[in-house]
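Residues per chain, in single letters:
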Amino acid sequence: MACRDSIGSPYEVTLELHRDGALYGTVGERCGWFLVGLATGVAEARAGQQDQWPDPDDRFPEDDELFTFRYRTRKGIVSGGELRCQLRTIPIWIPGGRDRPGEWRLARRAFLEAWGHGGVGMRAVLTSAELGAFVDGLVAEAEECLGAQKSGNSPRTPIEGARRSLGRR
């Protein structure tokens, strides 16, 4: 949903979480700029050459906690939901064949957790490709939500402006 300034112009977004068609929580007030940076960071990590994580699906930005979005009231009280994404390293057993023994392989995954205002939670475990697609989808939806601005030379939306300033289209 668009955040609007005092004259009603959209300038940023807040995320509304929905589950089975019903509002689940509201989080991340003015988080569009951050989402663009995260999308860029995931794309750069996947494209980089890393000896420790040869599989691009294991490559993420270096922070263990990629984001935590909460809803805060004007008085600073946290309520209304939470959306959090943390990186975890998990062991995966690769069974052996006839001539080779099985082995453990370490994989990194993004654990995306959402908590509604009623305390019910949901979790998704994502590869870096899946996280990149999820965040790109959020950014595209934010751009659509904000709509076109009327200035001739400025970017269409504040989110698109953030993409350009971070060097991504």
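You'll find the structure just up there.
Within any chain, residue numbers begin from 1 and follow the written order of that chain's sequence. Thresholds applied to this predicted model are a pLDDT of at least 70 for local features of residues and 80 or more for the giving and counting of side-chain atom pairs; totals over whole chains, interfaces and linings are not thresholded and use all residues. Only hydrogens and water are set aside when side-chain values are computed; all heavy atoms of the structure are taken into account.

1. Considering the overall build of the chain
Put simply, the test is: A run of DSSP states H or I qualifies as a helix once it reaches four residues; a run of E qualifies as a strand once it reaches two. Both are numbered from the N-terminal end. Exposure classes here rest on a 1.4 Å probe applied to the protein chains alone. A residue is buried below 20% of its type maximum, exposed above 50%, and partly exposed in between. Note on contacts: a residue pair is in contact if any heavy atoms of the two residues lie within 4.5 Å. Residue-level accessible areas treat just the shown protein chains as cover; the underlying method is Shrake-Rupley with a 1.4 Å probe.
Looking only at helices and strands, the chain has three helices and eight strands in total. Start at the N end of the chain and walk to the C end: the helices and strands fall as β-β-β-β-α-β-β-β-β-α-α. Counting all 169 residues of the chain, 37% fall into the buried class. Long-range pairs, those at least 24 residues apart, make up 46% of the contacts in the chain with a sequence separation of at least 6. Summed over its atoms, the accessible surface of the chain is roughly 10,300 Å², and 50% of this surface lies on carbon and sulfur atoms.

2. Observations regarding a negative patch on the surface
What counts, and what does not: A patch is a set of surface residues, each over 30% in relative accessible area and not in a salt bridge, joined within 9 Å for like charges and within 5 Å for the nonpolar side chains Val, Leu, Ile, Met, Phe, Trp and Tyr. In what follows, salt bridge is the name for a side-chain nitrogen of Lys or Arg lying within 4 Å of a carboxyl oxygen of Asp or Glu. When charges are counted, neither His nor the chain ends are considered; positive counts come from Lys and Arg and negative counts from Asp and Glu. By convention, charge coordinates are those of NZ in Lys, CZ in Arg, CG in Asp, or CD in Glu.
On the surface, Glu62, Asp63, Asp64 and Glu65 cluster together into a patch of negative charge. As for its position among the elements, Asp64 is in the loop between α1 (32-47) and β5 (65-72).

3. Concerning the pairing of strand β8 (residues 121-126)
Two faces make up the sheet, and in a regular strand the side chains alternate between them. For clarity, the threshold we go by: Pairing between strands requires that DSSP locate at least two bridges from one strand to the other.
Direction of pairing for strand β7 (residues 103-115) relative to β8: antiparallel, over a ladder of six bridges. Its bridge partner lying in β8, Ala110 is registered against Leu126. Linkage of β7 to β8, two consecutive antiparallel strands, is achieved through a turn of five residues, within which Gly119 is found at a positive phi near 90°.

4. Quick word on the packing of α1 against helix α2 (residues 128-146)
Defined as follows: The angle between two axes is taken between their N-to-C directions and runs from 0 to 180 degrees, where each axis is a line fitted to C-alpha atoms and a helix contributes only its stretch in contact. Orientation is classified from the angle alone, with under 35 degrees giving roughly parallel, over 145 giving roughly antiparallel, 65 to 115 giving roughly perpendicular, and any other angle giving oblique. The sense of a crossing depends on the near helix, which, turned anticlockwise from the far helix by less than a right angle, makes the crossing left-handed and, turned clockwise, makes it right-handed. In this count, Pro and Cys sit with the nonpolar residues alongside Ala, Val, Leu, Ile, Met, Phe, Trp and Tyr, while Asp, Glu, Lys and Arg are called charged and the others, Gly among them, polar.
Close contact between α1 and α2 brings their axes to 9 Å; oriented N to C, the two are set at 150°. Taken together, the axis directions place α1 and α2 in an arrangement best described as roughly antiparallel. The element α1 and its partner α2 pack so that their crossing is left-handed. The residues of α2 that touch α1, namely those facing Leu35, Val36, Leu38, Ala39, Val42 and Arg46, are Ser128, Ala129, Leu131, Gly132, Val135, Asp136, Leu138 and Val139. Counted by class, the contact of α1 with α2 contains 10 nonpolar, two polar and two charged residues.

5. Concerning the pattern of salt bridges
As enumerated under the stated definition, the model contains nine salt bridges in all. Put simply, Arg84 and Glu82 hold a salt bridge, and the shortest N to O gap is 3.6 Å. Among the residues examined, Glu82 registers a relative accessible area of 14% and is labelled buried. The residue Glu113 makes a salt bridge to Arg88 at a minimum N-O spacing of 4.0 Å. Of the two residues, Glu113 sits in strand β7 while Arg88 sits in strand β6 (residues 78-94), which places them 25 residues apart along the sequence. Its relative accessible area of 29% is what places Arg88 among the partly exposed residues.

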